[in-house]
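Given next are the chains, with one letter for each unit.
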Amino acid sequence: MCSFSPSRHIQDPASQRLTWNKPPKSVLVIKKIQDASLLQPFKELCVFLTEQKNMIVYVESKVLADPAIAGDESFGAVIQKFCTFREDLDDISNRVDFIICLGGDGTLLYASSLFQESVPPVMAFHLGSLGFLTPFKFDTYQSQVTQIIEGNTAIILRSRLRVRVVKESREKKGIIMTNGDSEGSRKSMQYQVLNEVVVDRGPSSYLSNVDLFLDGHLITTVQGDGVIVSTPTGSTAYAVAAGASMIHPNVPAIMITPICPHSLSFRPIVVPAGVELKIMLSRDARNTAWVSFDGRKRQEICHGDSITITTSCFPVPSICFRDPVNDWFESLSQCLHWNVRKKQNYLSSEEEEF
C-alpha cells in the first residue's frame, strides 16, 4: 500500500550550493586559442592563482605554444609552475578541483568536451561575443575567484546528453574499435554533449530523411533539413533559432526540434530526460546524413548506422553569479533581448471616453 502527499516539498533551484570538503588546490584554466584580447586577462589570472592563492594551475600544451605567451620573459617564472596536458591524450579528471574559462560560450562547451565522466565545477568569464553561459565579468575577477575558493556559492547542474554512434564497417576486416566498444564488424563511439546533437542533410540538395525512435518505438520520420536533439541548456542555442521553446536548465528534459521540416504540423516537442532516442537513416532515404556534437566531431551517417541519445549521468556543475534563476533571466534579457518591446503609452481618462 502506498500514499502520496500533495504537500511534498519541491526543491528550489536557487538553493543548490557549491561547498568544498577541503580547500581546492588545483584549477584548470581554459583560454580561447589564438585570441589576442585574452592574453592579458590570462596572464593576470594565472599570476593571481599561482602567486597569491598558491594554486596548482593546469593549462593545455597548445596554449603555451602561443609565441605571445612562450616568448614573454616576464611571464616565464609563472609558466614554470604550470602543469600541462593534451586534449584526447591526457586524463586530468581526478587532478582538477575546478575550472575557469576565459572566452565565450564555445569555451565552456569545449571545457565540457574534455571530461567524458565527472566534470569539476566551472566558473566562466564573459570574454567572448554572446556570453549566455558565461555570467562572470572579468573586472572583479580577484574577489569572485576568492569567493569560489572559499565555497558556498550558487551552482546549477547543466545536464548533458550521452551519445553513442554505431557505424557499420564499410570494410570487411572484422572488428574495429574506436573510443568505445565494438559489435562484430561495427565500430562504436561515445560523446558527452552539453548543448545539442544536430543531424542534417550535409552538402546534399535532397531532404534529410531519418527515422526517430523513442524507447525502441518509431515515433516519426524527419523529412527536412534535419533535426536537433538538445538539452535544456542547448534550448537557447541552435534550437531556439529553429523555433523551439526555451527551457530552464533545471528542467529534466530533452528537446526534439526539426530543422525546416517539409510539414506544416511538425512542431518541436519536449520528452522526459530518462528516455532513449535513436536516430537512423530511413530505408528509402536518397542521401546520407551528417551529425555533429556541440558543433564538433562532424561525421557522416550512412545506412545501417545509428545514433543513440539519452541523458548523461555526468552533468556540468556551472557556478552562478547570483543564482540559477536570476542568471538565466539575465541572460535572456541581455543576450537574446527576450520580450524587448517599446512600452505602450498610458491611456488618460479623457482618452478613455473616446
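Residues numbered from 1 in each chain as written. Predicted model: local features only at pLDDT ≥ 70, side-chain atom pairs only at ≥ 80, totals over all residues. Heavy atoms only, no water.

- An unreviewed UniProt entry lists the protein under the name NAD(+) kinase, with Hucho hucho as the source organism.
- According to UniProt, the comment filed for the protein under the heading Sequence similarities (unreviewed entry) is "Belongs to the NAD kinase family." (UniProt positions renumbered as here; feature names shortened; annotations may be inferred.)

### Some points on the pattern of salt bridges
Piece 1. Counted under the stated rule, the structure contains 8 salt bridges.
Piece 2. As a salt-bridge pair, K62 and E60 come within 3.9 Å of each other at their nearest N and O atoms.
Piece 3. By relative accessible area, which is 40% here, K62 ends up partly exposed.
Piece 4. Given a relative accessible area of 4%, E60 falls into the buried group.
Piece 5. Via salt bridges that share partners, E60, K62, E87 and R296 belong to a single interconnected network. (Salt bridge = Lys/Arg side-chain N within 4 Å of Asp/Glu carboxyl O. Buried < 20%, exposed > 50% of the residue type's maximum accessible area, 1.4 Å probe, protein only.)

### Examining the sheet that holds strand β18 (residues 289-293)
In any sheet, the strands associate via hydrogen bonds between backbone groups, in a parallel or an antiparallel arrangement.
Piece 1. Pairing is antiparallel in the open sheet, where 6 strands are placed in the order β16-β15-β14-β11-β18-β19. In this open sheet, the two edge strands, each paired with only one partner strand, are β16 (269-272) and β19 (296-301). In this sheet, neighbouring strand axes are inclined to one another by 20° on average, regardless of whether the strands run parallel or antiparallel.
Piece 2. In this sheet, β16 lies alongside strand β15 (residues 253-259) in antiparallel orientation, the contact comprising 4 bridges. The residue of β16 that forms the bridge with A253 is P272. (Pairing = 2+ DSSP bridges. Helix = DSSP H or I, 4+ residues; strand = E, 2+ residues; numbered from the N terminus. Axes fitted to C-alpha atoms, helices over the stretch in contact; angles between N-to-C directions.)

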